[in-house]
Amino acid sequence: MSFPPVYSSASRALILGTWPSPKSREMSFYYGHPQNRFWPLLAFLTGEAVPAREDVEAKRQIILRHGLALWDTLASCTITGASDASIRDVVPNDIASLMQNAPIEAVFCNGATAHKIYTKYLQPVSGIPAVKLPSTSPANAACRPDALREAWGKALGPWLR
């Protein structure tokens, strides 16, 4: 079960993950694992308060207020737990439909697997090369919060409203 994209007619930069984790699927929204650093990172970069884990609408509004869009690269796949390494039987999301409805000019991938899938399946459709950013997943604990802030801020910062 893939989530629908979060976007508006003002969304110019698209952030793509790979596939919702089990915790995200429980919440029915992106980056639901309590240790995933995505929402604290985005709050830092936008100057917003960190939304409560359960506050899906606050998370959606952070994306929309700052000219962003949020989605995953995959519409469906076979996966074991939250292990990107186990992904198989991939069906990419229909990025063409998103591009028709939002003026996306830049694409940012949350981690190497999202970038690999985007490059193989979605970039030929979008025509936009993606920036590969370090994953915010708790499995990427080697990437310290300050390194995440620096990498994401440098890449995404110019696109934030």
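The shown structure was predicted, so the numbers you read here are calculated from the model rather than taken from an experiment.

Scoring rules and cut-offs
Per-chain numbering applies: the sequence of each chain, read as written, is numbered from 1 onward. Only residues with pLDDT of 70 or above have their local features reported here, since the model is predicted, and side-chain atom pairs are shown and tallied only from 80 upward, although totals for entire chains, interfaces and linings are computed over all residues. Side-chain numbers here rest on the full set of heavy atoms in the structure, without hydrogens or water. Secondary structure is summarised from DSSP: a helix means a run of H or I of at least four residues, a strand means a run of E of at least two, and numbering begins at the N terminus for each. When we talk radius of gyration, it's over C-alpha atoms, and the globule rule is simply 2.2 Å times the number of residues to the 0.38. Here a residue-residue contact requires only that any non-hydrogen atoms of the pair lie within 4.5 Å. Using the Shrake-Rupley algorithm and a 1.4 Å probe, accessible areas are obtained, with residue cover drawn only from the displayed protein chains. In summary, the charge assignment counts Lys and Arg as positive and Asp and Glu as negative, without counting His or the chain termini. Charged side chains are reduced to one point each, which is NZ for Lys, CZ for Arg, CG for Asp and CD for Glu. UniProt positions are given in the numbering used here, feature names are shortened, and annotations may be inferred rather than shown by experiment. We call a set of buried Ala, Val, Leu, Ile, Met, Phe, Trp, Tyr and Cys residues a nonpolar core when their side-chain atoms join them within 4.5 Å. In this scheme, a residue with accessible area under 20% of its type's maximum is buried, one over 50% is exposed, and one in between is partly exposed, where area comes from a 1.4 Å probe on protein chains only. Pairing of aromatic rings covers Phe, Tyr and Trp, the last counted by its six-membered ring, and requires centre-to-centre distances within 6.5 Å; plane angles under 30 degrees mean stacked, over 60 mean edge-to-face, and any other angle means tilted. Any Lys NZ or Arg CZ that is within 6 Å of a ring centre and within 35 degrees of that ring's normal is treated as a charge sitting over the ring. Here a polar contact is taken to be a pair of N or O atoms separated by no more than 3.5 Å, where protein atoms must pair a possible hydrogen donor with a possible acceptor and residues adjacent in sequence count only if both atoms sit in side chains. What a helix should span is 1.5 Å times the count of its residues minus one. Strand pairing follows a simple DSSP-based rule, namely that at least 2 bridges must link the two strands. Axis geometry follows a simple rule: fit a line to the C-alpha atoms, using only the stretch in contact for helices, then measure angles between N-to-C directions, giving values from 0 to 180 degrees.

A. Looking closely at the overall build of the protein chain. On a plain count of helices and strands, the protein chain comes out with six helices and six strands. When the elements of the protein chain are put in sequence order from the N terminus, they spell out β-α-α-α-β-β-β-α-β-α-β-α. Here the C-alpha radius of gyration of the protein chain, 14 Å, is about what a compact globule of 161 residues would show, namely 15 Å. Here the C-alpha coordinates of the protein chain stretch approximately 40 × 35 × 25 Å along the principal axes. A separation of at least 24 residues holds for 64% of the contacts in the protein chain among residues at least 6 apart in sequence. Accessible surface for the protein chain amounts to roughly 7600 Å². Of this, 54% is attributable to carbon and sulfur atoms. Across the protein chain, the mean location of the 16 positive side-chain charges is 4 Å away from that of the 12 negative side-chain charges.

B. Fine view of the UniProt feature "domain: Uracil-DNA glycosylase-like" (unreviewed entry) in the protein chain. When the UniProt feature table is mapped to this numbering, "domain: Uracil-DNA glycosylase-like" (unreviewed entry) covers residues 4-153. The distance separating the terminal C-alpha atoms of residues 4-153 is 25 Å; by composition the span is 37% helix and 19% strand.

C. Spatial organisation of the nonpolar core. Among the nonpolar cores identified, the biggest contains 42 residues, and Leu-14, Leu-42, Leu-70, Val-107, Tyr-118, Trp-152 and Leu-156 are the most heavily contacted of them. Core analysis: the second largest hydrophobic core is formed by five residues, Leu-74, Cys-77, Ile-87 and Ile-117 among them.

D. How the structure looks around the packing of aromatic side chains. Within this structure, the stated rule accounts for six aromatic pairs. For the pair Phe-3 and Tyr-30, a centre-to-centre distance of 5.2 Å together with 80° between the ring planes defines the contact as edge-to-face. Within this pair, whereas Phe-3 is found in the segment before β1 (13-17), its partner Tyr-30 is found in the loop between α1 (22-27) and α2 (38-46), the two being separated by 27 residues in sequence. Of the residues examined, Phe-3 reaches a relative accessible area of 5% and is grouped as buried. Between Phe-38 and Trp-152, the aromatic rings sit 6.0 Å apart at their centres with planes inclined by 80°, giving edge-to-face as the arrangement. Residue Phe-38 is found in helix α2, and its partner Trp-152 is found in helix α6 (residues 145-156); the two are separated by 114 residues along the sequence. Just as Phe-38 is buried, Trp-152 falls in that class too. Members of the aromatic cluster, each reached through a chain of ring pairs, are Phe-3, Phe-29, Tyr-30, Tyr-31, Phe-38, Trp-39 and Trp-152. Positioned above the aromatic ring of Phe-44 is the side chain of Arg-149, whose terminal nitrogen or guanidinium carbon lies 5.1 Å from the ring centre.

E. Quick peek at the environment of His-115. Topologically, His-115 is positioned in helix α5 (residues 112-126). Put simply, His-115 and Pro-51 are 64 residues apart on the chain and 26 Å apart in space, counted from C-alpha to C-alpha. Once you skip the residues sitting within four places of it in the chain, His-115 turns out to touch Cys-109, Ala-130, Val-131 and Lys-132. Of note is the side chain of His-115, whose polar atom sits 3.4 Å from the backbone oxygen of Ala-130.

F. Representation of α6. Its 12 residues place the ends of α6 16 Å apart at the C-alpha level, agreeing with the 16 Å of an ideal helix rising 1.5 Å per residue. Along its buried surface, α6 packs onto β1, α2, β2 (68-72), β5 (106-110) and β6 (130-133).

G. Geometry of the sheet that holds β6. Pairing in this open sheet of four strands is parallel, and the strands run β2-β1-β5-β6 from one edge to the other. Single-partner strands in this sheet number two, and they are β2 and β6. Within this sheet the neighbouring strands show an average axis-to-axis angle of 25°, counted without direction. Where β5 and β6 come together, four bridges link them in parallel fashion. Bridge pairing links Val-107 to Ala-130 in β6. Against the sheet, α6 touches β1, β2, β5 and β6, its axis set at about 165° to β6.

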